[in-house]
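Read off the chains here:
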Amino acid sequence: MLTANEIKRKVGEQAAELVQPGMTVGIGTGSTAYWLVMALGEKVRQGLDIRCVPTSRETAKLASEQQIPLIALNDAAVIDITIDGADEIDPQGQLIKGGGGALLQEKMVAAASRQLVIIADHTKLVKQLGVFPLPVEVIPFGWKQVQRHIEALYSIKSILRTKDDQPLVTDHGHYILDCHFNQIADAPALNIALNTIPGVVDNGLFIKMATCTIIGYPDGSVKESGVD
Ligand SMILES: O=C[C@H](O)[C@H](O)[C@H](O)COP(=O)(O)O
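Residues numbered from 1 in each chain as written. Predicted model: local features only at pLDDT ≥ 70, side-chain atom pairs only at ≥ 80, totals over all residues. Heavy atoms only, no water.

- Taking an unreviewed UniProt entry as the reference, the protein is identified by name as Ribose-5-phosphate isomerase A belonging to Paraflavitalea soli.
- Quoted verbatim from the Pathway (unreviewed entry) heading of the UniProt record, the comment on the protein is "Carbohydrate degradation; pentose phosphate pathway; D-ribose 5-phosphate from D-ribulose 5-phosphate (non-oxidative stage): step 1/1."
- Note on the protein: under the UniProt heading Catalytic activity (unreviewed entry), the record states "aldehydo-D-ribose 5-phosphate = D-ribulose 5-phosphate". (UniProt positions renumbered as here; feature names shortened; annotations may be inferred.)

What follows is the structure, given as structure tokens:
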């Protein structure tokens, strides 16, 4: 039986095989995407000609250490493929992302990509989204007002994400409210509704964005599926 980390490594390495010479590649954030970056680094050092758009400062640092050429999203006319992890994946390929706080940049990079390949271990598969607290990125000004608004609208609790007893500040200077929906019946509607609340920058729902999932299992098997 493979450990969780071995499964992540396996799917990361399998996804790296999708990357062809000349491609512009969006590279995800998190413990699964870590293995993708390591595998791409190995290929680059062996001569693979690609350029990558990182989805966070953390990934930019890791990729630079691996000598992977990076470009800014502004300088990428089109991104051929983005490969990223997820916190929850439902049967329609809808996602919750942002457990690592990178949702905004990840969503922007994904939106600019021809394909979004999601790599994950089987524990991320769910029947319905919502047990994983949905990250909602908000501007720091008046964040408590936004929190009250969301909590009243949906009768839920949310928690300001912290680090070292201080509000966690994202790469783009925002805060994150982790919203405990438990069950999200209509993810597309919630995605739109949350983003219309003044002060909300974006949320971790990725709707109709994933084009393929690569899921690893403890027995070493990997299932690659297209998303309709
Ligand atoms: O903000 C972080 C990202 O959305 C990650 O891709 C997500 O949290 C999954 O991370 P991991 O592969 O570490 O479970």
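Don't stop here, the text continues.
## Observations regarding the site of the ligand
Working step 1: Not every one of the 16 residues close to the ligand is listed here, only the nearest: S31, T32, D87, E106 and K124.
Working step 2: Interatomic distance of 3.3 Å between a side-chain N/O atom of D84 and an oxygen atom of the ligand.
Working step 3: Look at the ligand: alone it shows 380 Å² of surface, and the protein chains cover 91% of it. (Near = heavy atom within 4 Å. Polar contact = N/O pair within 3.5 Å; in protein donor to acceptor, adjacent residues only side chain to side chain. Areas by Shrake-Rupley, 256 points an atom, 1.4 Å probe, with all protein chains shown as cover.)

## Notes on the confidence of the model for the protein
Working step 1: Residues of the protein with pLDDT of at least 70 account for 100%, and the chain-wide mean is 98.
Working step 2: What the predictor reports for the complex is a pTM of 0.97 with an ipTM of 0.98. (pLDDT = per-residue confidence, 0-100.)

## Examining the nonpolar core
Across soluble globular proteins, you tend to see nonpolar side chains buried next to one another.
Working step 1: If you look at the biggest cluster of nonpolar residues, it comprises 24 residues, and the most contacted ones within it are V19, V25, I27, L36, L40, I50 and I83.
Working step 2: Broken down by element, the residue count for this core peaks at five residues, all from helix α2 (residues 33-45).
Working step 3: If we skip the residues at most four places from it in the chain, V25 touches V19, L40, I50, R51, C52, V53, I79 and I81.
Working step 4: Counting residues in each nonpolar core, the second largest holds 22 residues, with V146, I156, L177 and V200 among its members. (Core = buried A, V, L, I, M, F, W, Y, C linked by side-chain atoms within 4.5 Å. Buried < 20%, exposed > 50% of the residue type's maximum accessible area, 1.4 Å probe, protein only. Helix = DSSP H or I, 4+ residues; strand = E, 2+ residues; numbered from the N terminus. Contact = heavy atoms within 4.5 Å.)

## Focus on the domain arrangement of the protein
Working step 1: Here the protein is described as being made up of domain 1 (4-122 + 207-226) and domain 2 (134-201).
Working step 2: Each of domain 1 and domain 2 has a C-alpha centre, and the two are 25 Å apart.
Working step 3: Taken residue by residue, the interface counts 14 residues in domain 1 and 15 residues in domain 2.
Working step 4: A combined buried area of about 1100 Å² lies between domain 1 and domain 2, and 57% of that area is made up of carbon and sulfur atoms. (Domains from an automatic or database assignment. Buried area = accessible area lost by both parts, 1.4 Å probe.)

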